[in-house]
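As a plain string of letters, each chain reads:
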Amino acid sequence: EAIEEARQLRDEFQRFLREYEFGMREVETKISILRDEFLYNHAYNPIEHLKSRLKSPDSIVEKVARKGIEPDFDTIRREITDIAGVRVTCSFVTDVYRLFDLFTRQDDVTVRVVKDYIANPKPNGYRSLHVIAEVPVFLSTGPVPVPVEVQFRTIAMDFWASLEHKIHYKFDGRVPGHLVQSLTDAADAAGELDQRMERLHREAHESGHRVLEA
Ligand code: 0O2
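These numbers were taken from a predicted model, which means no experiment stands behind them.

### Observations regarding the overall build of the chain
- Secondary structure summary: the chain contains 6 helices and 5 strands in total.
- Going from the N terminus to the C terminus, the chain shows its helices and strands as α-β-α-α-β-α-β-β-β-α-α.
- For the chain, the proportion of its 214 residues judged to be buried stands at 22%.

If you want it as structure tokens, here you go:
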């Protein structure tokens, strides 16, 4: 009987996760349509990488314990909003905001929370634009709203975040002071690089126009 109960719980958990996987696919499709349309209209691809991930059962359990919430599906649904994650990496900061606007303005996308760590970087220097967006997934039983965490960032921000993430894990969260400082300096340098690349891109674009007009 205990085995039967465990099986049921496993099936329920798999069904629970599947909704997030579908929500994630909805968002991926929306973003890739925007990318392809942009490519057709402007012969220019604003997205460098598009990556999705579903939180593993282990990290969901770990987060439930860390937040001290009730381990039932309804509470998890309400409290943990990053089970489905999509990361959109762009070349330039203007593309980050442009894609964010085009995505969040869609009729069937409901914005729950926006965290603009580009305008307000975290104390360690972390930059990215986060949104918890709810999208409807149409199941045989009817539509269900699914929250998906979408992170929009530039290549420079992504480069920094992946190194910081590795260092964080390597030291199990207790990163030595001098490394913390170097990381924050590197984040500022990445921010400056983004500004320079953006300027260069704009200048190239403008002189391209002048050449065409001459
Ligand atoms: P993973 O492995 O990417 O899933 P919460 O989500 O409630 O724990 P918070 O602070 O409300 O925390 O969410 P926030 O600030 O929107 O950030 C959540 C995600 O952003 C993280 O997910 C990371 O992906 C990324 N992130 C935030 N801060 C940092 C940072 O300082 N360095 C790096 N490298 N990434 C960061 P997870 O679940 O931590 O990780």
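### Quick look at the site of the ligand
- The immediate surroundings of the ligand are formed by Asp 82, Gly 85, Lys 115, Lys 122, Asn 124, Tyr 126, His 130, Ala 161, Glu 164 and His 165.
- The element contributing the most residues to the shell around the ligand is helix H5 (residues 155-170), with 3 residues.

### Re the sheet that holds strand S4 (residues 129-139)
- The strand order across the open sheet formed by 5 strands is S1-S2-S5-S4-S3, and the pairing between neighbours is mixed. Either end of the sheet is taken by a strand with one partner, and the two such strands are strand S1 (47-54) and strand S3 (110-116). Geometrically, the sheet is characterised by an average inter-axis angle of 25 degrees between neighbouring strands, direction not taken into account.
- Here 7 bridges tie S1 to strand S2 (residues 84-90), and the two strands are oriented antiparallel to one another. Bridging from a neighbouring strand, Leu 50 pairs with Val 88 of S2.
- In this fold helix H1 (residues 2-42) packs onto S1, S2, S4 and strand S5 (142-154), with an angle of close to 170 degrees to the strand it touches most, S1.
- Its contacts with the sheet put H5 on S1, S2 and S5, and the angle it makes with S5 is roughly 95 degrees.

### A look at the pairing of S5
- Of the pairings in the sheet, the one linking S2 to S5 comprises 6 bridges and is parallel in character. Bridge pairing links Val 86 to Val 150 in S5.
- Relative to S5, S4 runs antiparallel, the two being bridged by 11 bridges. In the sheet register, Phe 138 faces S5, and the bridge partner there is Pro 143.
- Connecting S4 to the next strand, S5, in antiparallel fashion are 2 residues.

### What to know about helix H4 (residues 93-104)
- The end-to-end C-alpha separation of H4 is 17 Å, in line with the 16 Å expected for 12 residues at 1.5 Å each.
- Residues of H4 that are buried: Val 93, Asp 95, Val 96, Leu 99, Phe 100 and Phe 103. Down the axis of H4, the buried set is contained in an arc of 160 degrees. They therefore lie on one face.

### Quick word on the environment of Val 86
- Positionally, Val 86 belongs in strand S2.
- Between the alpha carbons of Val 86 and Met 24 there is a distance of 6.8 Å; along the sequence they are 62 residues apart.

### What about unusual backbone geometry?
- At Ala 43, a residue that is not glycine, the phi angle is positive and equals roughly 50 degrees.
- Position of Ala 43 among the secondary structure elements: in the loop between H1 and S1.
- C-beta crowding within 10 Å serves as the criterion here: with 7 such atoms nearby, Ala 43 is assigned to the exposed category.
- Located in the positive-phi region is Asp 172, a residue other than glycine, with phi close to 55 degrees.

### Re H1
- Taking 1.5 Å per residue, 41 residues should reach 60 Å; H1 reaches 60 Å between its end C-alpha atoms and fits that length.
- Within the sequence span of H1, burial applies to Tyr 20, Gly 23, Met 24, Glu 26, Val 27, Lys 30 and Ile 31.
- Remark: Ala 43 follows H1 within two positions and exhibits a positive phi of approximately 50 degrees.

Criteria and cut-off values
- Residues numbered from 1 in each chain as written.
- Predicted model: local features only at pLDDT ≥ 70, side-chain atom pairs only at ≥ 80, totals over all residues.
- Helix = DSSP H or I, 4+ residues; strand = E, 2+ residues; numbered from the N terminus.
- Buried ≥ 20, exposed ≤ 12 C-beta atoms within 10 Å, placed from the backbone.
- Near = placed C-beta within 6 Å.
- Pairing = 2+ DSSP bridges.
- Axes fitted to C-alpha atoms, helices over the stretch in contact; angles between N-to-C directions.
- Contact = placed C-beta atoms within 7 Å.
- Expected span 1.5 Å × (residues − 1).
- Arc of directions from axis to C-beta.

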